[in-house]
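# Notes for the structure review
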Amino acid sequence: MSRKEVVKINDISKPVKRLVQLKLEDLMPLPPPYDKSGSEPPLTTPKPEWEETYVTELDGYIAIDLPWKPKTKEEEERLIQKFLEGLKKLTSRESNWTFLQPLLLSLEYCAKCQNCAEACPIYIASGRKDIYRPTYRAEVLRRIYNKYIAKKPGGDIELNIFTLMRLAELAYRCTLCRRCVQVCPLGIDNGLIAREIRKLFSQELGIAPKNLHEKGTVQHLKVGSSTGMTPKALLKMVKYIEDFIYEKTGKRIKIPVDQKGADILLIHNAGEFLSWPENVAAFAIIFEEAGLSWTLSSEPLGYDVVNYGAWYDDVQLARIALKHIEIARKLEVKKIVVGECGHATKALVVVADRILTDENRIPRESALPLLRDIVMSNKLNLDPSKNNFPVTLHDPCNIVRLSGIVEPQREILRKIAPMFREMVPHGVYNYCCGGGSGFAIMQSLNFPEWRNKVASRMKFKQILEAFKDVLDPKIPKYVCAPCSNCKGAIRDVLAHYRATELYNIHYGGLVELIVNAMVDLKEPYLDFLKEKKS
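Anyway, here's the lowdown on the structure attached to this text. (Residues numbered from 1 in each chain as written. Predicted model: local features only at pLDDT ≥ 70, side-chain atom pairs only at ≥ 80, totals over all residues. Heavy atoms only, no water.)

### What to know about the sheet that holds strand 3 (residues 335-338)
- Taken together, the four strands give an open sheet; going across it, the order is 2-1-3-4, and neighbouring strands pair in parallel fashion. The sheet is open, and its two edges are formed by strand 2 (294-295) and strand 4 (364-366), each paired on a single side.
- Relative to strand 3, strand 1 (residues 264-267) runs parallel, the two sharing four bridges. Of the residues in strand 3, the one forming a bridge with Leu265 is Ile336. (Pairing = 2+ DSSP bridges. Helix = DSSP H or I, 4+ residues; strand = E, 2+ residues; numbered from the N terminus.)

### Here's the deal with the pairing of strand 1
- Alternating positions in strand 1 separate into two faces, Ile264 and Leu266 on one and Leu265 and Ile267 on the other, with burial throughout.
- Across two bridges, the pairing between strand 1 and strand 2 is parallel. Bridging across to strand 2, Leu265 finds its partner in Thr295. (Buried < 20%, exposed > 50% of the residue type's maximum accessible area, 1.4 Å probe, protein only.)

### Description of the sheet that holds strand 6 (residues 420-421)
- If you trace the four strands from one edge of the open sheet to the other, you get 6-5-7-8, paired in parallel fashion. Of all the strands in the sheet, just strand 6 and strand 8 (505-508) have a single pairing partner and so form its edges.
- Where strand 5 (residues 391-393) and strand 7 (residues 477-480) come together, three bridges link them in parallel fashion. In the sheet register, Leu393 faces strand 7, and the bridge partner there is Cys480.
- Along the sheet, helix 20 (residues 484-496) makes contact with strand 7 and strand 8, crossing strand 8 at roughly 165°. (Contact = heavy atoms within 4.5 Å. Axes fitted to C-alpha atoms, helices over the stretch in contact; angles between N-to-C directions.)

### Observations regarding the packing of aromatic side chains
- According to the stated counting rule, one finds 18 aromatic pairs in the structure shown.
- For the ring pair Tyr240 and Phe244, a centre distance of 6.2 Å and an interplane angle of 40° mean the geometry is tilted. Here the residue Tyr240 and the residue Phe244 both occupy positions in helix 10 (residues 231-249), the gap between them amounting to four residues, near one helical turn.
- Through a chain of ring-to-ring contacts, the aromatic side chains of Tyr34, Phe460, Tyr497 and Tyr503 assemble into a single cluster.
- Directly above the aromatic system of Tyr525 lies the positively charged group of Lys248, at a separation of 5.2 Å from the ring centroid. (Phe/Tyr/Trp six-rings, centres within 6.5 Å; stacked < 30°, edge-to-face > 60°. Lys NZ or Arg CZ within 6 Å of the ring centre and 35° of its normal.)

### Some points on the nonpolar core
- Counting 78 residues, the largest nonpolar core has Trp68, Phe83, Tyr172 and Trp450 as its most contacted members.
- Elements that contribute at least two residues to this core include exactly helix 2 (73-90), helix 3 (100-109), helix 4 (121-125), helix 5 (134-149), helix 6 (161-170), helix 8 (190-205), helix 13 (309-312) and helix 18 (447-455).
- Sorting elements by how many residues they give to this core places helix 8 first, with seven residues.
- When near neighbours in sequence (up to four residues on either side) are disregarded, Trp450 contacts Leu22, Asp59, Tyr61, Ile122, Tyr132, Tyr172, Arg173, Phe439 and Ala455.
- Core analysis: the second largest hydrophobic core is formed by 60 residues, Val257, Leu368, Val400 and Ile412 among them. (Core = buried A, V, L, I, M, F, W, Y, C linked by side-chain atoms within 4.5 Å.)

What is shown is where atoms sit, not what they do.
Written out as structure tokens, the structure reads:
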């Protein structure tokens, strides 16, 4: 990088139109067959009218799709004052009991060694742009805190409206994957700092992307699902999935709903019902075959385990988690099992421990260890040769790195997929799909382009390298991603590069592969195998 391209911390306050302008030639090169000039779609520029309404002063991309850009000096001053009041609350024991200690320790002790930068897929994929370093936004907040709140010497930064607008956008240039924390010799959590900046803007200034807040947690609490699906629609969908199972497998399965006293309350990411009903159907087939006592819920929130509050807002996080527990208690189930959804696993199984006490401490677990037990105990009659095509595994950050569930899914794949191969790196060192922390569902304006070009670039590189010896389009290939949001991000990046169309690369969950291996199925459960056969 030339000297003139270096962006220093205090540059964030500069009154310039754009702090950074991304160029295709600066981004991390992709491996073959995408290593040739013209092999990927070009970058676009933001529409001029967007600049009047939205914040484009960081890198030209817009994550926060609200018209919050101040029009007058008075509005600017009011926003800055509210931000400082919010920062004071964020760093006080009375107002931030959830994450105060790790936040203050992370603000206090960073050694500026930059080990974290080389672990960050966004920083690397961007061509090592300074503003995407894990330490950049953290250092901006640290200097503001030291200068304006703690009144410590050395706070070399000016808190003006450019600082504020860019910091808000910058909080949405990190997927909260926490890969940076793994390599930090002091355990500094720059992902947490990014998340807490989001929280400050949401809880104190009312500023958050619509897909996370207005169309996310608010709709979830109001309607029953972040997808907008009502309980009535859920029941219709269950009926549709029962018919779907019959058409696909010839099996008549009655999906249990609101069965009081069942052992398991299974809650899916509601996106599965709408985008990937074959995943919900596969769970029902496996649970039925294994003879489990289980149920779905038709209560509002009881059929949608997502909790977008985990990405930006403690209040919304707590409201949703408590509702999930209330529904489980009402059904008198022994435990809650979370379907293939990474952030929901972390939110309900791990983070919710901060707010669940006494009678609310109902056992909660990911579906992956349960599926492992079913498969390894031979409760299903499986034929691995039915999955005789290259399969690789994406590790959802929230399930693997952040919840410690690493081996169950691998044990299953080793048993049912003879051509399984790992990505490099894999397990707890695997890279984020690029859709983490809400990016997969943020589809407005030009943000999807940034996600596909930068956030998901490392994942696309890994997929290409995992299949480098079988890129022949005659060979079908499968990226197993046991997480709804990860599937969304992988779907989008494969479509962006036309990888399914050109190289026969497909994606899906883990349960679909298990069902595809069932001996008594006459036709493939995975549609791309059926298309090949026809």
